[in-house]
Amino acid sequence: YVYILWGIFVAIAKNTLYGCDSPLVSALPQSAFTSSSELSNSHGPGFAKLNRRDGAGGWSPLNSNKYQWLEIKLEQRTEITAIATQGRYGSSDWLTRYLLMFSDTGHNWRPYRQEDSIGAFSGNSNADSVVMYKLQQPVIAQYIRILPLHWNPNGRIGLRLEAYGCQYKSDVVSFDGSAHLLFRPDPSDSLADRDVLSMNFKTLLNSGMLVHMEEHSGHSFTLELFRGKLLLQLRKGRGSSADFHPLVSLGSLLDDQHWHHIRVERIRGLVNFTVDKNTQQFQLPESWSHSEINEISFGGTSAAGLQKSHSRRNFHGCLENVLYNDISVIERYLCLSQGNVSFTCTESIDVPVTFASPGSFLALPWVSGGESASVCLQFRTWNRAGLLMTFDLQHNAGTLWLYLSEARARLQIHKTGRIMTDITAGASLNDGQWHSLELAVRCPDTEGGSGCRNPFSVFQGCMRLIRTDGALVDLIRVQQMLFGNFSDLQMDMCGIVDRCSPSRCEHGGRCSQSWSTFHCNCSATGYSGATCHSSIYEASCEAYKHKGNTSGFYYIDMDGSGPIKPQLIYCNMSDKAWMVIQHNNTELTKLKASSGINQHLAHFNYSADAEQIQAIITQAEYCEQELSYHCKKSRLLNTPDGAPFSWWVGRSGEAHMYWGGAVPGSQQCACGLQENCVHPEHFCNCDADSKEWLNDSGLLSHKEHLPVRALAVGDINRSGSEAAYRVGPLQCYGDNNFWNAAYFNKETSYLHFPTFHGELSADISFLFKTSSSSGVFLENLGIKDFIRIELSSPTQVLFSFDVGNGPLEVKVETASALNDERWHHVRAERNVKEASLYVDHHPSAVQKAPADGHIHLQLNSQLFVGTASRQKGFLGCIRSLKLNGKTLDLEERAEITPGVTPGCPGHCSSYGDLCQNHGSCVEDHSGFTCDCSLSPFTGTFCHKDVSAFFKPGTSVTYTFKEPYKLNRNVSAQSSSIYSDLTLRGENVSLSFRTSQAPALLLYVSSYYREFLAILLNRNGLKQVFRASGRNLANGQLHRVSVQRLGETLNLIETQTQLFLIAESGEVDPEIARLNALGFTGCLSVVQFNSISPLKAALLYPDTSPVIVTGPLSESSCGSSLPTNPYAAETTHSLAGNAINTRLDLLSRVSSLFRVSLCCFSGVIAVVIFVSLAALAVMARFLYRRKETFQPQEPKAEKTDDSPETPFNTDPNSQSIISDNQKEYFI
């Protein structure tokens, strides 16, 4: 916007309008000015000249309302580049907002739109200052019309104006639908490998062939208007069977009788196709790359040539300034007219009317002079529903309603609440095309439809050619309020806009529209939001890992909202998050000698395209690809001095002569680099040309050369030569963008980057952590526009911006404080429809964009991370900052910026919860890892159970060693193998799956004959505490946990209740018997305090004190274990007065066991026996000493019905309690 006073207006205007800046209005006679009305003769339109004081000092209409207008007729069609306005001199009358309209004929007006959306211009703030606008796109027209929208509320409409521009040269030709113009280019005028065709056209018909071009070989191009869109098509050959193949479609609603610009530029095989301001680019077939145009037909072609076209008709309308390779076709005498061709543009005058709002209506008086009456009209709309017309029938026959319903025309006659007639016709009438409607009725009432209530949706669209009883309704008289009545109509123009051309829906989203807005269907695109802008997928396996995901296939979108498509990629979540990109041949491929074949060439096609792979490699911290060659009398690189027989081709298409494990450019294999080849004089094992099988294998890890695109194997044509090769999948880990972070240690510190360009769509995402209560994360300013994201309070994130419609704010409130030094994720998006803000998983906030408002975000300053303005800066860390899918390198800028430090530690505070099952979080420079050494689980998040399937005869024995010996040279990785035994209690847990009962699951013993056993028993025993007696030997997975601390013993089972029994005896024969039977079933996640004996036996058998008897291998039989093994568990405590006698005994025994274990210096063995499991689970603690003791006698037992009884009597028990010693089974 440019605001200037008249004293400096001329100088500035001449410097800003680039030469086409001559005043167009000031020299016109008063007869060139017309208006809707005038307040008096001295307020007439002829006085509306800028800076003139003639008459009353400007134009003012009789009434100040939105139906007034001022019109100016220029001397001829002119290029208009700017408009300037003033109020009426010496008054309180001026416009504050207005519409600017243009026309060639004084009818069929077209509004000028800024940014394709803004129809209104801001006007004046007083009567004397001048406000000038330079038009973003110059307009060619002879008529200018100003429509006041708002004016000074303390005055009237008042206006003086000037338009600026220059003369416009125009050569036109008109076609009547049956003629065409033939042009044969002079070969000497042709440009080398380049052809350019440009022209303007206007028409009222939505279909017709504009241009037909043929080249010497018989191939042809056509430019055809079809249903209001331009199709550029290609046809191969001249035969009758040759059909047109559409190459591209562009434009919409081009049958509006306004000029539209076309440009087709071909540079070899590349074509740029432009319609008005929209351009598409595409590649021609190879046969067309160097063709020469032989003949061009404008306005159509012969009847035979039309048969294969879509429209099957020639063009009816006007062409202007037709240029082929800068040669004016209309002026050149090489053109031959075929049929009735006119070199002037004659136009029919159709006066359309636009129903632009829900309050729009048109009421016409109608008196029929006969027994029947008819109504005809044409309409076009995007809405599926809306009332077209209604009136009362004569003789109280009812009310006729004609309306659109589900995009079909429907006629109903209502009378006394009943539907007398119901007829439907047509389909898809909301396609934006003109549709004709004819209605014949019996003598309607003369009162028309005034005063009726509309039970249907209002019609929003355009109508024209309205006829009643065959007579055309004069809408100009209606506009002058001489005939009929109306409200909120746009007369003499069709204001329909195609909001889906060009489509604002991104990434393949499907656009649909109504009269006032558009909608994007983002299903199956991988993107979300009002315009399908934001990706729903993560940018790397690293990002998925830090959301708690385990190994599997995931869609990866490397650039978020950028143009690269998402790709399904396998993520191998180990200590690193590996991205695995497969190709079509990762298996070992064998080759044998073949006569006549000197070389074998293999090409590799990857599951991701080249653009995706390049983005993956660039973003990754490290990439590798296995390359191996197995040989028998087949040389590889022919080292040390020969020419290589084999090589591989990398990403850029360059051949590489080094092999896996060697460095680029070395012409060596891994053994040559390590100096351990079979024959030291060669740098590859296979170059020894041995008759024995050898191999050269290794990893390629130079990122700039990966992946392997092709492999050439040469020495395979000799007799006896054999070879085999393997190219593994491309594997990458790490995400340089995900961990790119900076720490701001001063409120005044900031990082600056180039201006953010997000004119129509902008998304910003990042993670932050802070202890500060507020601060600006980032901001970018323009002259007036700006964009800013800030922490406005500990519980509020604020996204604010201005695109010219005034500042808007989007806020997200959180229930908990965000300044908790944990990572929080923020994503803000702004597009032409709305602005949205997301913070972590809190409900998002959305702010709709104003209708017909500014849509372009215009920034010109640097982007500041932190703030350089007077706003409060940010204290804390910002990480992974992305703008429209591109990551800003915060660390690079932070290294050279005072007050900002690259990187930001402390990830466990945010991601530590991902470590499950007692795994501990370990900080890393780029992220974290889970230490599973104290957990019976393994895997990235200590989530993977360690299971084994046991058969009779299989056992695992774990031997505890003395603490002072174990503390020497013990790594963190082995802490699950060795442990300091200072036992004040026991915590034993395991999961099992079996169909065998009885069975012994776990047994712990010491040299002091103290022992613990967990058994499955078929029958309940005496003194059983149980809540249910379901069969646990049912082949399902169950988890058992036994805990003792001091005198309290807890029994836990996640899915069922357990049994507790008490029993004594010198030697337990049942354990010996069950041990002899063995165990058949699955055991998993076995833990004794901090010891995981099964994990040690399976994963670290060489470094752990375990003895495995019988076959043992890792299995997935325990994989149905829940992620949290302690969820929904039931705990029974044995501490309480209800069992005080047995508690006494148990306390004594527990204390003895605890003391002896703490003081012993011998060896305890944990033995896991694998056998069959059954109906009841018992964890049996059998505590024994060398000397015997005399326990107290038990009290009388309560009945099973008592809620206080933790034991009940089982009459089928097989156990016997002796007087001199007791044993306890749990």
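Residues numbered from 1 in each chain as written. Predicted model: local features only at pLDDT ≥ 70, side-chain atom pairs only at ≥ 80, totals over all residues. Heavy atoms only, no water.

Going by an unreviewed UniProt entry, the chain carries the name Contactin associated protein like 3 and comes from Cyprinus carpio carpio. You can read under Sequence similarities (unreviewed entry) in the UniProt record for the chain the words "Belongs to the neurexin family." Taken directly from UniProt, the Subcellular location (unreviewed entry) text for the chain runs: "Membrane". (UniProt positions renumbered as here; feature names shortened; annotations may be inferred.)

Caption draft 1: Structural view of the side chain of Glu834. Within the element layout of this structure, Glu834 appears in strand E61 (residues 834–839). Owing to a relative accessible area of 13%, Glu834 belongs among the buried residues under this scheme. Here the side chain of Glu834 touches Lys848 through a polar contact of 2.9 Å, side chain to side chain. Here Glu834 is in contact with Ala530, Glu829, Val846, Gln847, Lys848 and Ala849, once residues within four sequence places are set aside. (Helix = DSSP H or I, 4+ residues; strand = E, 2+ residues; numbered from the N terminus. Buried < 20%, exposed > 50% of the residue type's maximum accessible area, 1.4 Å probe, protein only. Polar contact = N/O pair within 3.5 Å; in protein donor to acceptor, adjacent residues only side chain to side chain. Contact = heavy atoms within 4.5 Å.)

Caption draft 2: Main features of the sheet that holds strand E31 (residues 418–425). One open sheet holds the 4 strands; their spatial order is E28-E29-E30-E31, and the pairing between them is antiparallel. Each edge of the sheet is formed by a strand with only one pairing partner; in this case those strands are strand E28 (386–392) and E31. Averaged over all neighbouring strand pairs, the angle between strand axes comes to 15°, with direction disregarded. Relative to strand E30 (residues 408–415), strand E29 (residues 399–405) is paired through 7 bridges, and the arrangement is antiparallel. Bridge assignment links Ser405 to a residue of E30, and that residue is Arg408. (Pairing = 2+ DSSP bridges. Axes fitted to C-alpha atoms, helices over the stretch in contact; angles between N-to-C directions.)

Caption draft 3: Layout of the sheet that holds strand E54 (residues 750–753). Read from one edge of the open sheet, 6 strands run E54-E63-E56-E57-E58-E59, paired in antiparallel fashion. The sheet is open, and its two edges are formed by E54 and strand E59 (808–813), each paired on a single side. Taking the axes of each pair of neighbouring strands and ignoring which way they run, one obtains an average angle of 15° across the sheet. Relative to strand E57 (residues 786–793), strand E56 (residues 775–781) runs antiparallel, the two being bridged by 6 bridges.

Caption draft 4: Structural detail: empty space enclosed by the protein. Across all of its chains, the model carries 6 cavities of 30 Å³ or more by this definition. In this structure, the largest cavity spans a volume of roughly 120 Å³. Surrounding the largest cavity, Asp195, Val196, Leu197, Met213, Phe221, Leu232, Val264, Arg266, Val271, Ile293 and Tyr324 form its lining. Here the element with the most residues in the lining of the largest cavity is strand E12 (residues 194–202); it accounts for 3 residues. Its residues assigned to classes, the lining of the largest cavity shows 9 nonpolar, no polar and 2 charged. (1 Å grid on protein atoms, 1.4 Å probe; cavity = no way out; pocket = protein on both sides within 12 Å on 5 of 7 lines; lining within 4 Å. Points joined across faces, edges and corners; volume = space filled by probe spheres on them. Nonpolar A, V, L, I, M, F, W, Y, C, P; charged D, E, K, R; others polar.)

Caption draft 5: View of the layout of surface pockets. Taken as a whole, the second largest pocket spans an internal volume of roughly 1100 Å³. In this structure, the second largest pocket is lined by 34 residues; those nearest its centre are Glu538, Lys547, Phe738, Leu767 and His825. Contributing elements (two or more residues each) for the lining of the second largest pocket: strand E40 (534–535), strand E55 (762–769), strand E60 (824–830), E61, strand E64 (876–883) and helix H8 (908–911). The leading source of residues in the lining of the second largest pocket is E55, at 4 residues. For the lining of the second largest pocket, the residue count by class is 12 nonpolar, 13 polar and 9 charged.

Caption draft 6: Seen up close, the UniProt feature "domain: EGF-like" (unreviewed entry) in the chain. Annotation from UniProt places "domain: EGF-like" (unreviewed entry) at residues 496–533 and 905–943. Structurally, residues 496–533 is divided into 0% helix and 26% strand, and its ends, taken at the C-alpha atoms, are 26 Å apart. Secondary structure over residues 905–943 splits into 10% helix and 26% strand, and the C-alpha atoms at its two ends are 25 Å apart.

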